[in-house]
Amino acid sequence: MSANEVIVIIEHDRGTIASGSLEALTAARALGVDVVAAVCGGTDSLAAACAGCGASVVVDLVHPLLADYNPQAWGEAVAQLVTERAPAAVVACGTERGNETLAHAAASLDLPMVANVLRLDGSGGASWALTRVQWGGSLLEDVTLNAPVKLVSISHHAVEMQPLAVAEQRVTFVPVLEDALASGIVRDRVVRESGVTLTTAPVVVGGGRGVGSPEGFAPLEELASLLGGVVGCSRAVTNNGWRNHTDQVGQTGTRIAPDIYFACGISGAIQHWVGAMASKKILAINTDKDANMVTRADYAVIGDLHQVIPAISEEIRRRRNA
Amino acid sequence: MSSLRIAVCVKRVPAPGSRINVTADEQSVDAANLGFTTSPHEECAVEAAVQLAEAHGGSATVITLGPPEAEEQLRYAASVGIGSAVLVSAADGLNWDPQRTAAALAAAIESVEARDGSFDVILFGNESADAGGFQVGIRVARALGRPVVNGAKGIDVGDASVTIRRAIDAGFEVYELPRPCVIGVKEGINLPRYPTMKGRLASKKVAVDVIEGLGEPGGQARVRLHRPAEKASSTIVLGHGPEAASAVVDLLAELGVLAL
């Protein structure tokens, strides 16, 4: 077995490398072995992006069934590359596609896979000690991983991308894929109109059970619109049918990272907290000064959101007109 | 074509409040003061199974791997319209790794299918709320030799194929898998119904088929669970009631999010 390299699965959106893959390349360098980027549907600019983040070998996986995203075919192609090159490890980013592709490779190779670890180190050995994320980040699990090839995904945003320019060797690998794998390819894409979304908004105004009704969100909409932000909500709100699930902030909804998050009438169950905790600042507005959201927030206003939020909007308008 | 046969796999997980505590032996979540529930994505998978069975005149079976107490989650699924239930018993503890879990589920599904006929669609949650291994559904699909797609926010079953809609950042993408297939469902695909009194009563009569969980331990083993270090929080109270508005807007200006 050649334990002198680590294969990193590269994700891209039709030619643009995913930020998570740059994090995975950065994390993989900590193993202290050669970093090999595995790219399905590769281009010159993707190869250059990998080499700019420490990949000294870029392998283009070439096959008609890999032309667009195809989870099982991508995973099977990676598995065959593993058999060919016998690396010490395979690393992906713990995104939807990264975990999915790695799980397919793990199933093909009949190897364990550890999802969403926080970091890798160079201690190596037959058994690795890893710390991974449970409950969306509310809990950590220390595990051991025993396998001839270690398959690991790195929790998204756990590692900061660090550029490292290296000279890359570019090679091609042609996997043998069954025709039946054609069924797994993306058939069609529908792109919504662009605009500020929960993941990109600088300001998110979130409402919880305390908002009380679908109509109760009108003042939150007004404040969000005054600040160029968007409205979010807790799971209690979507479960009550007050807002669409696309507005849900949380472990099973969207993870947000705005400059400021207004958490209005939200008690702060862990399901919601893990989706909001990456916000730069959190301002809780709640009648209960002991609510979990209040005690964990950076700032708080103790009071009824139905009075406080219109007053904030009014004050913004007053200053803008002054 | 005969009526649609659907299976949905669920996991019993603690229903935590605002904080998760770990037991003294650091091996599990301290659930002494907690209730249990079904992982959120799987609640939606159960609802999707019921809706598919209703729309196509088919039948749905709920399957869980867990301790005897996981019967509670099977009965809950039955109370919202699932017709039959299978408990794959994990009698020797809760810390089943993903490979072992998948092997036991695949073996149990094969034995149910050998007796009752093949499932056209097998649903999983995209990932469990607790362990979040992101692999059991895929491993089961591969063990059964069936195609699988995760992240489903829409499922449309046709005579020979199943169309699946999956959310991406900029919109959604569409997959079309041949039947039979496996699908990982995400919350938001539907709004799960609540059980009716009639449903609750009916669920008590559903027979729970118990199958022994079989599978060798895999290569991932738990050492311990622990809570991440929390930054010491000292919340700054900006004020009480509407009078706090001025202090809030001062803060917005300070953070640079107030374009005047």
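Above this text sits the structure in question.
Residues numbered from 1 in each chain as written. Chains lettered and ligands numbered in written order. Predicted model: local features only at pLDDT ≥ 70, side-chain atom pairs only at ≥ 80, totals over all residues.

(A) Structural view of the overall build of chain B. In terms of helices and strands, chain B carries six helices and 13 strands. Taking all 260 residues of chain B together, 47% fall into the buried category. Considering only residue pairs separated by 6 or more positions, chain B has 71% of its internal contacts joining residues 24 or more positions apart. (Helix = DSSP H or I, 4+ residues; strand = E, 2+ residues; numbered from the N terminus. Buried ≥ 20, exposed ≤ 12 C-beta atoms within 10 Å, placed from the backbone. Contact = placed C-beta atoms within 7 Å.)

(B) The sheet that holds strand β16 (residues 281-286) of chain A, seen in detail. The six strands lie next to each other as β14(A)-β13(A)-β15(A)-β16(A)-β17(A)-β13(B), forming an open sheet whose pairing is parallel. The strands lining the two open edges of the sheet, one partner per strand, are β14 (230-233) of chain A together with β13 (236-240) of chain B. The sheet shows a mean angle of 20° between the axes of neighbouring strands, taken without regard to direction. In the packing of helix α5 (residues 218-226) of chain A onto the sheet, contacts are made with β13 (203-207), β14 and β15 (260-264) of chain A, and the angle to β13(A) comes to roughly 175°. Across the sheet, helix α9 (residues 305-321) of chain A touches β15, β16 and β17 (299-302) of chain A, and the angle it forms with β16(A) is around 130°. (Pairing = 2+ DSSP bridges. Axes fitted to C-alpha atoms, helices over the stretch in contact; angles between N-to-C directions.)

(C) Region of interest: the packing of helix α2 (residues 71-79) of chain B against helix α5 (residues 197-205) of chain B. Residue and element names in this part refer to chain B. For the pair α2 and α5, the least separation of the axes is 7 Å and the interaxial angle reads 130°. The angle between the axes of α2 and α5 places the two elements in the oblique class. The two elements α2 and α5 cross, and the hand of that crossing is right-handed. In this structure, α2 uses Arg-75, Ala-78 and Ser-79 to contact α5, whose residues at the interface are Gly-199, Arg-200 and Ser-203. Each residue belonging to the contact of α2 with α5 can be placed in one class, and the counts come to one nonpolar, three polar and two charged. (Parallel < 35°, antiparallel > 145°, perpendicular 65-115°, else oblique. Left-handed = near helix turned anticlockwise from the far one by under 90°. Nonpolar A, V, L, I, M, F, W, Y, C, P; charged D, E, K, R; others polar.)

(D) Representation of the pairing of strand β6 (residues 121-125) of chain B in the model. Residue and element names in this part refer to chain B. Among the five residues in β6, five count as buried, and that is most of the element. A two-sided burial pattern is seen for β6, the buried positions comprising Val-121, Leu-123 and Gly-125 on one face and Ile-122 and Phe-124 on the other. In this sheet, β6 lies alongside strand β1 (residues 5-10) in parallel orientation, the contact comprising three bridges. Following the sheet pairing, Ala-7 is matched in β6 by Ile-122. Direction of pairing for β6 relative to strand β10 (residues 181-185): parallel, over a ladder of five bridges. In the sheet register, Ile-122 faces β10, and the bridge partner there is Val-182.

(E) Highlighting the interface of chain A and chain B. Taken residue by residue, the interface counts 72 residues in chain A and 64 residues in chain B. Tallying contributions element by element places α9(A) first for the side of chain A that touches chain B, with nine residues. Across the side of chain A that touches chain B, the residue classes break down as 36 nonpolar, 20 polar and 16 charged. Two elements, β17(A) and β13(B), share four bridges in a ladder whose sense is parallel. Bridging across to β13(B), Val301(A) finds its partner in Gly239(B).

(F) Region of interest: α2(B). Here α2(B) has its buried residues at Gln73(B), Leu74(B), Tyr76(B), Ala77(B), Ala78(B) and Ser79(B). In the stretch just after α2(B), Gly81(B) is the one whose phi turns positive, near 125°.

(G) Seen up close, the environment of Ala7(B). Residue and element names in this part refer to chain B. You can see Ala-7 is positioned in strand β1. Look at Ala-7 and you get buried, because 27 C-beta atoms sit within 10 Å. For the pair Ala-7 and Ala-60, spaced 53 residues apart in sequence, the C-alpha separation works out to 5.6 Å. Beyond its immediate stretch of four places on either side in the chain, Ala-7 contacts Thr-61, Ile-63, Ile-109, Phe-119 and Ile-122.

(H) Focus on the sheet that holds β6(B). Read from one edge to the other, the open sheet built from 10 strands follows the order β12(A)-β9(B)-β8(B)-β7(B)-β10(B)-β6(B)-β1(B)-β4(B)-β5(B)-β11(B), with strand pairing classed as mixed. Of all the strands in the sheet, just β12 (188-191) of chain A together with β11 (208-212) of chain B have a single pairing partner and so form its edges. Each strand axis lies, on average, 35° off the axis of its neighbour in the sheet, ignoring direction. Sheet analysis places β1(B) next to strand β4 (residues 59-66) of chain B, joined by six bridges and oriented parallel. Directly across from Val8(B), in β4(B), lies its bridge partner Val62(B). Of the strands in this sheet, β1, β4, β5 (84-89) and β11 of chain B touch α2(B), which is tilted by about 165° from β5(B).

(I) Local environment of the pairing of strand β8 (residues 127-134) of chain A. All names here are of chain A. One ladder, built from eight bridges, connects β8 with strand β9 (residues 139-146); its direction is antiparallel. The residue of β9 that forms the bridge with Thr-131 is Asp-142. Between the antiparallel neighbours β8 and β9 lie four residues, among them Trp-135 with a positive phi of about 50°.

(J) Structural view of unusual backbone geometry. The linkage connecting Arg179(B) with the following residue, Pro180(B), adopts the cis geometry, with an omega of -5°. As for its position among the elements, Pro180(B) is in the loop between β9 (171-178) and β10. Within the chain, Asn116(A) stands out as a residue other than glycine whose phi angle is a positive 60°. Tracing the backbone through its elements, the reader meets Asn116(A) in strand β7 (residues 113-117). The phi torsion at Glu26(B) lies on the positive side, around 60°, for a residue other than glycine. Along the chain, Glu26(B) falls in the loop between β2 (12-15) and β3 (35-38).

(K) Summary view of helix α4 (residues 96-109) of chain A. Helix length check: α4(A) (14 residues) gives 20 Å between terminal C-alpha atoms against 20 Å at 1.5 Å per residue, within 8%. Of all 14 residues in α4(A), 13 are buried; the element is thus mostly enclosed. (Expected span 1.5 Å × (residues − 1).)

(L) Representation of the environment of Val162(B) within the structure. All names here are of chain B. Take Val-162: it is sitting in strand β8 (residues 161-168). For Val-162, a count of 23 C-beta atoms within 10 Å translates into the label buried. Sequence separation of Val-162 and Pro-180 is 18 residues, and the distance between their C-alpha atoms is 8.6 Å. Val-162 has contacts with Val-121, Ile-155, Asp-156, Val-157, Leu-177, Arg-179 and Cys-181, leaving out every residue within four places of it along the chain.

(M) Focus on the nonpolar core. Of all hydrophobic cores here, the largest spans 129 residues; its most connected members are Val8(A), Ala37(A), Ala38(A), Cys50(A), Ala49(B) and Leu105(B). In this structure Val8(A) touches Ala24(A), Leu25(A), Ala28(A), Val35(A), Val36(A), Ala37(A), Ala38(A), Ala55(A) and Val91(A), once residues within four positions along its chain are discounted. (Core = buried A, V, L, I, M, F, W, Y, C linked by C-beta atoms within 7 Å.)

(N) How the structure looks around the environment of Arg115(B). All names here are of chain B. Along the chain, the position of Arg-115 falls in helix α3 (residues 98-116). A tally of 8 C-beta atoms within 10 Å means that Arg-115 is categorised as exposed. In this structure, the C-alpha to C-alpha distance between Arg-115 and Ala-131, residues 16 residues apart in sequence, is 31 Å.

Coordinates in, geometry out; function isn't part of it.
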